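# What the coordinates show
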Amino acid sequence: MRSSAVHAFELVPPPVDLPERAAALRADVRTFLAQERAVGAWQPRVDAWLSGWDERFSQELGRRGWLGMTTPTEYGGHGRSPLDRYVVTEELLAAGAPVAAHWAADRQIGPSLIRFGTDEQRRRFLPGIAAGEVFFGIGMSEPDAGSDLASVRTRAEKVAGGWSLTGTKVWTSGAHRAHAFFALARSGPRDESDRHAGLTQFIVELDAPGVTVRPIPLLTGAHHFNEVVFDGVFVADSMVLGEVGAGWRQVTSELAFERSGPERFLSTFPLLEALLAEIGRGELDAGLRRDLGALVARLWTLRRMSLAVAGSLESGHAPELAAAVVKDLGTRFENEVVEAARLLLAIPPDPQAATGYPRLLADAVLHAPGFTLRGGTTEVLRGIVARGMGLR
C-alpha cells in the first residue's frame, strides 16, 4: 500500500455538519489558496496564525469579503454567521496561510467592539478590520501574572478627559506592527474579597506617546512576541471599552473566541499533512496505522467540539467551560503531532530549509514550548474546567 496510504487518512473536512452554503464557500477559499500557492505568494508554515504576517494577503482576504464576516454591514462588515467564518478560518489554517496580521483583530477585537464598544469606536475601527487594513494586538498577560489576569498590575489612573496608564504587558503578538490593542488595567483599588473587580479594558494606540514596544525573539530568531511598556500613556474616555470596572466580565467573554477556534488544533496541521504524505510513500504496518488513525480521530473530535462552540457563539452565548476544554485538548493534540513527526520518521528538522517537511518540523519543534501558554496556561484552563464541573 503506497499512494493510497494518504487517501486512507484523508484530512479534508466534509461540510456535513455545516450549512449547505458552506460547501460553495469552502470551494471558493480553496481555489483562492491554490492560486496563491501556484504563483509562490507564500509557503505553508506551522503556527502561521501567529508568525505569518503578510499585510498584502490580509488585504486580499478583505477584498474578497473574508474578514469581518460576522460584522454588521453598517460597520463595513458582511453580516454573515460565525459558521461561515469558521469555514474560511479552517481552510486558511489548514493551508498554513500567513494570517497573523489580521488574526487578533478579526477573531476577537471585532466581536468585542460589536458587543461592548461605542458607536464611535465601531465606526473608527471595524471597517478597517474588515478591509484587512487595521491590525490589533491583545494586552492581557503581564510579567508575574500570565494567565492569572486578576493579578494584573498595570494601573489606570483617572485624569482630566481620560486615563493615565502605567505598567507592562508581555507576549503581545504583532505589537511592533499593529495599530492598537486592548489593554486590561486596574482602574480601581484591589479588593481581596473580589480580585476580579476594578479592572477595565482600554483601546490603546501603539504609536501613542509613552508606549514602548520591545521585541521578545523566538528560538528561531523570528519576532512576533513583544513586551509593551506604558509610561503615563494618556487614553481618552472615548477609548474605554465597555464599562469602567467591568473588564473581567468582558475579557472572559472575549476568551471564548480566543480559546475555542480551530487554530487551537490546526496550528500543526501542515506538519501532520506532510507527515502523512511522507509515510504514504512506504508500507504502513498495523501499529503505525493504528497510531495515525488515533491521531486523526482526535483531530476530528476536536473539530466537532470547536464547531459546537462556534454554534453557541452564533446563538449569542460565550461558553467559557467548553472553550477551555477545546484549548486544553487542542494543546495536547498540537504536541502529539510534533512528537509523532519526530518519532515516526528519520527525517531531521532543518530550520534553514526554505520549504518542505524538514522546515515544517523545525518550526513546530521550536514553537512547541509556547503551545501550553497562549490563550491561558494548561494548569489554569484545567482549573476552569474543574470549577465548571463543581470539582473545586
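Let us look at the structure shown here. All figures in this text were calculated on a predicted structure; none of them were measured in a lab. (Residues numbered from 1 in each chain as written. Predicted model: local features only at pLDDT ≥ 70, side-chain atom pairs only at ≥ 80, totals over all residues. Heavy atoms only, no water.)

## A look at the overall build of the protein
When its secondary structure is counted, the protein shows 14 helices and 8 strands. Going through the 392 residues of the protein one by one, you find that 54% of them count as buried. Within the protein, contacts between residues at least 6 apart in sequence are counted, and of these 74% link residues at least 24 apart. Counting only carbon and sulfur atoms, one obtains 54% of the accessible surface of the protein, whose full area is about 16,500 Å². (Helix = DSSP H or I, 4+ residues; strand = E, 2+ residues; numbered from the N terminus. Buried < 20%, exposed > 50% of the residue type's maximum accessible area, 1.4 Å probe, protein only. Contact = heavy atoms within 4.5 Å. Areas by Shrake-Rupley, 256 points an atom, 1.4 Å probe, with all protein chains shown as cover.)

## Considering the nonpolar core
Nonpolar side chains in soluble globular proteins tend to be buried together. Among the nonpolar cores identified, the biggest contains 53 residues, and F57 and L271 are the most heavily contacted of them. Residues in contact with L271, not counting those within four places in the same chain, are V46, V337, V338, A341, Y357, L360, L361 and A364. Among the nonpolar cores identified, the runner-up in size contains 45 residues, and W53, I129, V152 and A178 belong to it. (Core = buried A, V, L, I, M, F, W, Y, C linked by side-chain atoms within 4.5 Å.)

## Some words on the environment of R264
Note that R264 resides in helix α9 (residues 263-266). C-alpha of R264 to C-alpha of E334: the two residues are 70 residues apart in sequence and 7.8 Å apart in space.

## A look at the side chain of R122
Within the fold, R122 resides in helix α7 (residues 119-130). It is D119 that comes nearest to the buried, bridge-free R122 among opposite-charge side chains, at 5.0 Å. With residues up to four places along the chain from it excluded, the contact list for R122 reads Y75, L113, I114, R115, G117 and P127. (Lys, Arg positive; Asp, Glu negative; His and termini not counted. Salt bridge = Lys/Arg side-chain N within 4 Å of Asp/Glu carboxyl O.)

## Concerning the packing of helix α10 (residues 269-279) against helix α12 (residues 320-344)
At a minimum axis separation of 10 Å, α10 and α12 run at an interaxial angle of 30°. Overall, the two elements α10 and α12 adopt an arrangement that is roughly parallel. Note on packing geometry: the crossing formed by α10 with α12 is left-handed. Across the interface between the two elements, L271, L272, L275 and I279 from α10 touch F333, V337, V338, A340, A341 and L344 from α12. Considering only residue class, the contact of α10 with α12 consists of 10 nonpolar, no polar and no charged. (Axes fitted to C-alpha atoms, helices over the stretch in contact; angles between N-to-C directions. Parallel < 35°, antiparallel > 145°, perpendicular 65-115°, else oblique. Left-handed = near helix turned anticlockwise from the far one by under 90°. Nonpolar A, V, L, I, M, F, W, Y, C, P; charged D, E, K, R; others polar.)

## Focus: the packing of aromatic side chains
If you walk through the whole model with that rule in mind, you get 10 aromatic pairs. Centre to centre, the rings of W53 and F135 are 5.5 Å apart; their planes meet at 70°, and the pair counts as edge-to-face. In this pair, W53 is assigned in the loop between α3 (48-51) and α4 (55-63) and F135 in the loop between α7 and β1 (136-139), connecting sequence segments 82 residues apart. For the pair W53 and F135, a shared accessibility class is recorded, and that class is buried. For the ring pair W171 and F225, a centre distance of 5.4 Å and an interplane angle of 75° mean the geometry is edge-to-face. Linking W171 in the loop between β3 (162-169) and β4 (180-186) with F225 in strand β7 (residues 225-236), this pair joins segments that are 54 residues apart in sequence. (Phe/Tyr/Trp six-rings, centres within 6.5 Å; stacked < 30°, edge-to-face > 60°.)

## Focus: the pattern of salt bridges
Inspection of every chain in the model, using the stated rule, returns 24 salt bridges. One salt bridge connects R26 with E91, and the closest N-O pair in it is separated by 2.6 Å. Of this pair, R26 sits in helix α2 (residues 21-38) while E91 sits in helix α5 (residues 82-94); the two residues are 65 residues apart in sequence, bridging distant segments of the chain. Considered together, R26 and E91 belong to a single accessibility category, that of buried residues. Among the salt bridges present, the one from D363 reaches R359, with a minimum N-O distance of 3.1 Å. Here D363 pairs with R359, and both are found in helix α13 (residues 356-367), just 4 residues apart, close to one helical turn.

## Some remarks on the pairing of β1
Walk down a regular strand and you will see the side chains alternate between the two sheet faces. Burial of β1 is two-sided: the residues F136 and I138 facing one way and the residues G137 and G139 facing the other way are all buried. Bridge count for β1 against β4 is 4 bridges, and the pairing is parallel. Bridging from a neighbouring strand, I138 pairs with F182 of β4. (Pairing = 2+ DSSP bridges.)

## Looking at unusual backbone geometry
Backbone geometry places D47, a non-glycine residue, at a positive phi of 60°. By the element assignment, D47 lies in the loop between α2 and α3. Its relative accessible area of 2% is what places D47 among the buried residues.

## Looking at the environment of V235
Mapped onto the elements, V235 comes out in strand β7. Judged by its relative accessible area of 3%, V235 falls in the buried class. When the C-alpha atoms of V235 and G161 are compared, they prove to be 8.5 Å apart, with 74 residues separating the residues in sequence. Apart from the residues lying within four places of it in its own chain, the contact partners of V235 are G162, W163, L165, F202, I203 and V204.

## As for the packing of α2 against α4
Their axes nearest at 13 Å, the elements α2 and α4 cross at an angle of 150°. With respect to α4, the axis of α2 lies roughly antiparallel. Crossing geometry of α2 relative to α4 is assigned as right-handed. The segment α2 lies against α4, with F32, L33 and E36 engaging R56, F57, E60 and L61. In the contact of α2 with α4, the residues fall into 4 nonpolar, no polar and 3 charged.

## Some points on α4
Every buried residue of α4 is accounted for by F57, S58, E60, L61 and G62. Buried-residue contacts for α4 involve α2, α5, α6 (100-116) and α7. Phi for G65, located one or two positions after α4, is positive at around 80°.

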